[in-house]
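# Structural features, examined
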Amino acid sequence: MTVRTGSPAWRARASEDRPPDAPPRLGESRGRHQRCGVVPATSQSGVEPPTVERMTTRSQTTGTTETTETTETTETTLTTGSAETTGTVAALFEALSRTIPAKRLITDRDVVASLSADDAEWAPVGQAALALRARSESEVAEAVRICADLRVPVVPRGAGTGLSGGANAVDGCLVLDLSKMDQVVEIDGDNLVCVVQPGIVNDDLKAILHEQGLWYPPDPASAPWSTIGGNVATNAGGLCCVKYGVTRDYVLGMRAVMGGPAGYGNVVRLGRRTAKGVAGLDISGLMVGSEGTLGIVTEVTLRLRPAPKGTPRTIVGAFGSLVDAGRAVAAVTRRGLTPSALELLDHECLQAVEDWKHLGLEADAQVLLLARVDTPGEGGADEARAVAAAFEEGDPLWALESSDDAEAETLFAARRLAYPALERLGPVLTEDICVPRSALPTMLGMLVEIAARHGVRMATIAHAGDGNLHPLLLTPPGDDGAREAAQAAFEEMLDGAIALGGTVTGEHGVGLLKRAGMERELDPRSLAVQRAVKQTLDPLNIFNPGKVL
Ligand SMILES: Cc1cc2nc3c(=O)[nH]c(=O)nc-3n(C[C@H](O)[C@H](O)[C@H](O)COP(=O)(O)OP(=O)(O)OC[C@H]3O[C@@H](n4cnc5c(N)ncnc54)[C@H](O)[C@@H]3O)c2cc1C
């Protein structure tokens, strides 16, 4: 497998751990599903490294209109490659190694570079001064205190699976890798609460909890690789969010190393661990989705649920077009149904997964909808029938409940693997728009039209039940024209979502890629309030500068 610069751990793990052994072909076991004429995908090998634009600290830290004096200090001190930078790197290393074991500090340029980017295509990447693989909250606190003294930006990262450039280095920064702070601190089954360090991987936490009959629901498709800290910082969504909510709904409280009024490098306890609590402003809630711009999350208190019992039912619908599938999804919502997952993937995704993993998938349809119903007993059977009936409003080629668990699991595995499978074909620019569910058919039609007008090859996956669409814009490696066309289509898709009352990012966050789109979406006064919050909590602008705002 080709590994790109800044490639996160999940790529390696994807090939080692995933997917499950190939189960029977779709429809083969009982012949219930129609067989599918496979549309061959163009398989290309050799993925070029993404174009890396050197991001100057100036462009990252000035943002739009507001530049603070301290920001200017950071800019002038950290001009990459200058004598000042060399001096700052040495001073930073020297200061950090006074109190933090030197083995935690990474200076090797290649390793630092590999920790300097997330998985977003074409988001600018700066040159970090060095990286720190923190092992404890006190190391994080010490690092932040020193960085504040030296006016060095701090860019936190979990697993680097982000898709908006949020974890990308800025010039002269300290990359603060939290992935080794991965312990479960406490599991309190009596109160359905657990306390974890930020670096624990989502699926690893799920597995530990499962042994105790407990469940942490948020399940981004990156759950085998992404960390709880990254999930909290991006307010990650996922497949089951349509019924069970997003990360925010499970964060009761946290500990964070903050700055500003708390003093840089001090640990602040935020939120609560009780089921209810309104003592003061919800700063813990503010930290959720703040993408590392307000401080570093060092511990999280999570709400849990009892582990689900029984096997969910899977309903599969095959459609001739994205718009038809969108009509079916809108019908599910309109009928008041709440499946525990309602995902969409098109034939391009299925084909890419099949070419890679040989799961035995075939698809004669342009689009598949996968719904899950986890209500036990007869109620679940009724619900599954109702979902299949709602699918009929989209004129499906067929819509059926699967009675083969292995087959159903394979389809969901294909959904989760779609993104890495497509990445093998070349650079992928990932959208993350979210629209009201009634507007889904219109938005899906718009996507097809925009992609066609720009001559961009598009594959589509979606948390369709949430109205959260991920059109994936595929470009041949090294084709600048295709890249520009994809970027133009990307921006038009954002405008389309805004026009329909939607948002430019449903779950991936703003990072670097959605900053312009966010400015088009939000009321200027709302932006001013956000900048004031950032200025108050991080007046030195050292926490992930230039991201989001
Ligand atoms: C194959 C694939 C599938 C995906 N599917 C989904 C999906 O279904 N739903 C979804 O929401 N996202 C999805 N994503 C995007 C990504 O996985 C999520 O955004 C995830 O939450 C990022 O976690 P991470 O540990 O990789 O964080 P990173 O990418 O390392 O960081 C993400 C952001 O969080 C900040 N951050 C990280 N740790 C901390 C911390 N401890 N304190 C403060 N800030 C911190 C970083 O600075 C950055 O801004 C997917 C990505 C891939 C590659």
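Bear in mind that the values here come from a model prediction, so they are computed numbers and not experimental data. (Residues numbered from 1 in each chain as written. Predicted model: local features only at pLDDT ≥ 70, side-chain atom pairs only at ≥ 80, totals over all residues.)

Bringing the overall build of the protein into the picture now. Regarding its fold elements, the protein presents 18 helices and 19 strands. Within the span of the protein, comprising 549 residues, buried residues form 55% of the whole. In the protein, the proportion of contacts linking residues at least 24 apart, taken out of those at least 6 apart, comes to 76%. (Helix = DSSP H or I, 4+ residues; strand = E, 2+ residues; numbered from the N terminus. Buried ≥ 20, exposed ≤ 12 C-beta atoms within 10 Å, placed from the backbone. Contact = placed C-beta atoms within 7 Å.)

A few words on the packing of helix α15 (residues 440–453) against helix α16 (residues 480–499). Remark: α15 packs on α16, axes separated minimally by 10 Å, with the N-to-C direction vectors making an angle of 155 degrees. Between α15 and α16, the crossing angle belongs to the class labelled roughly antiparallel. Note that α15 runs across α16; the crossing there is right-handed. Contact residues: α15 offers M443, M446, L447, I450 and A451, while α16 offers A489, E492, M493, G496 and A497. Residues of the contact of α15 with α16, tallied by class, amount to 8 nonpolar, 1 polar and 1 charged. (Axes fitted to C-alpha atoms, helices over the stretch in contact; angles between N-to-C directions. Parallel < 35°, antiparallel > 145°, perpendicular 65-115°, else oblique. Left-handed = near helix turned anticlockwise from the far one by under 90°. Nonpolar A, V, L, I, M, F, W, Y, C, P; charged D, E, K, R; others polar.)

Here we come to the sheet that holds strand β2 (residues 130–133). Spatially, β1-β2-β4-β3 is the arrangement adopted by the 4 strands of the open sheet, whose pairing is mixed. The open sheet is flanked by β1 (105–106) and β3 (154–157), the only strands paired with a single partner. Pairing analysis gives 2 bridges linking β1 to β2, with the strands arranged antiparallel. In the strand pairing of β2, L105 is matched with L132. Across the sheet, helix α6 (residues 137–150) touches β2, β3 and β4 (174–177), and the angle it forms with β4 is around 165 degrees. (Pairing = 2+ DSSP bridges.)

For the rest of this paragraph, the subject is the site of the ligand. Taken together, the neighbourhood of the ligand is formed by 38 residues, with G158, G162, G166, G229 and G230 sitting nearest. Of all the secondary structure elements, the ones that give two or more residues to the shell around the ligand are β3, α8 (228–234), β10 (296–303) and α14 (405–423). Among the elements that make up the shell around the ligand, the one with the highest residue count is α8 (5 residues). Residue composition of the shell around the ligand, grouped by class: 15 nonpolar, 17 polar and 6 charged. (Near = placed C-beta within 6 Å.)

So, about the nonpolar core. Ranked by size, the top nonpolar core spans 87 residues in total, and within it V353, L369, A418, L422 and L473 carry the most contacts. If one sorts the elements of this core by residue count, α14 sits on top with 8 residues. Counting contributing residues per domain, this core is built from domain 2 (184–306) and domain 3 (311–511), each supplying no fewer than three. Judged by nonpolar contacts, the second largest core, of 65 residues, contains A128, L270, I296 and F543. (Core = buried A, V, L, I, M, F, W, Y, C linked by C-beta atoms within 7 Å. Domains from an automatic or database assignment.)

Our focus in this paragraph is the pairing of β4. Here β4 shows no split at all, with L174 and L176 on one side and V175 and D177 on the other all buried. As judged from the 4 bridges shared by β2 and β4, these two strands associate in the parallel manner. Bridge pairing in β4 links A131 to V175. Summarising the sheet, β3 and β4 pair through 4 bridges and their orientation is parallel. Pairing of R157 across the sheet is with D177, part of β4.

Turning to the pairing of strand β6 (residues 193–196), a few remarks are in order. Only one face of β6 is covered, namely the face carrying C194 and V196; the face carrying V193 and V195 is uncovered. Hairpin remark: strand β5 (residues 184–188) followed by β6, antiparallel, with 4 residues in the connecting loop; positive phi at L192, about 50 degrees.

Relative to the 28 Å expected for 20 residues at 1.5 Å per residue, α16 spans 29 Å between its end C-alpha atoms, a close match to the ideal helical length. Buried within α16 are the following residues: A482, R483, A486, A489, F490, M493, L494, G496 and A497. Buried residues of α16, seen end-on, are gathered within an arc of 160 degrees and therefore sit on one face of the element. Those residues of α16 that are exposed and angled more than 90 degrees off the buried face are D480, G481 and E484. Looking at the buried positions of α16, the neighbouring elements they touch are β16 (428–430), β17 (433–434), α15, β19 (468–474) and α17 (515–521). (Expected span 1.5 Å × (residues − 1). Arc of directions from axis to C-beta.)

As a further point, take the sheet that holds strand β9 (residues 266–271). Read from one edge of the open sheet, 5 strands run β5-β6-β10-β8-β9, paired in antiparallel fashion. Sheet topology places β5 and β9 at the edges, where each strand pairs with a single neighbour. Across the sheet, the axes of successive neighbouring strands diverge by a mean angle of 10 degrees, strand direction being ignored. Pairing analysis gives 6 bridges linking strand β8 (residues 251–258) to β10, with the strands arranged antiparallel. Residue R255 lies in a different strand from β10, and its bridge partner there is E299.

We now examine the packing of helix α11 (residues 322–334) against helix α13 (residues 377–391). Interhelical geometry of α11 versus α13 gives an angle of 135 degrees and a closest axis separation of 8 Å. Judged by the angle between their axes, α11 and α13 are oblique. Both α11 and α13 take part in a crossing whose hand is right-handed. The segment α11 lies against α13, with A328, A331 and V332 engaging V387, A390 and F391. When grouped by side-chain class, the residues that make up the contact of α11 with α13 number 6 nonpolar, no polar and no charged.

In this fold, L214 is placed in strand β7 (residues 214–215). On the neighbour-count criterion, L214 (20 C-beta atoms within 10 Å) is buried. The sequence separation of L214 and P306 amounts to 92 residues, and the corresponding C-alpha distance is 4.5 Å.

Our focus in this paragraph is the environment of D404. Of note, D404 is situated in the loop between β15 (398–402) and α14. Spatially, the C-alpha atom of D404 lies 9.5 Å from that of R313, the residues being 91 residues apart in sequence.

Right, let's talk about the confidence of the model for the protein for a bit. For the protein, the mean per-residue pLDDT works out to 86, and 84% of the residues sit at or above 70. Low pLDDT (under 50) marks residues 1–83, which in the prediction has 168 contacts with non-local residues, meaning those over four places away or in another chain. (pLDDT = per-residue confidence, 0-100.)

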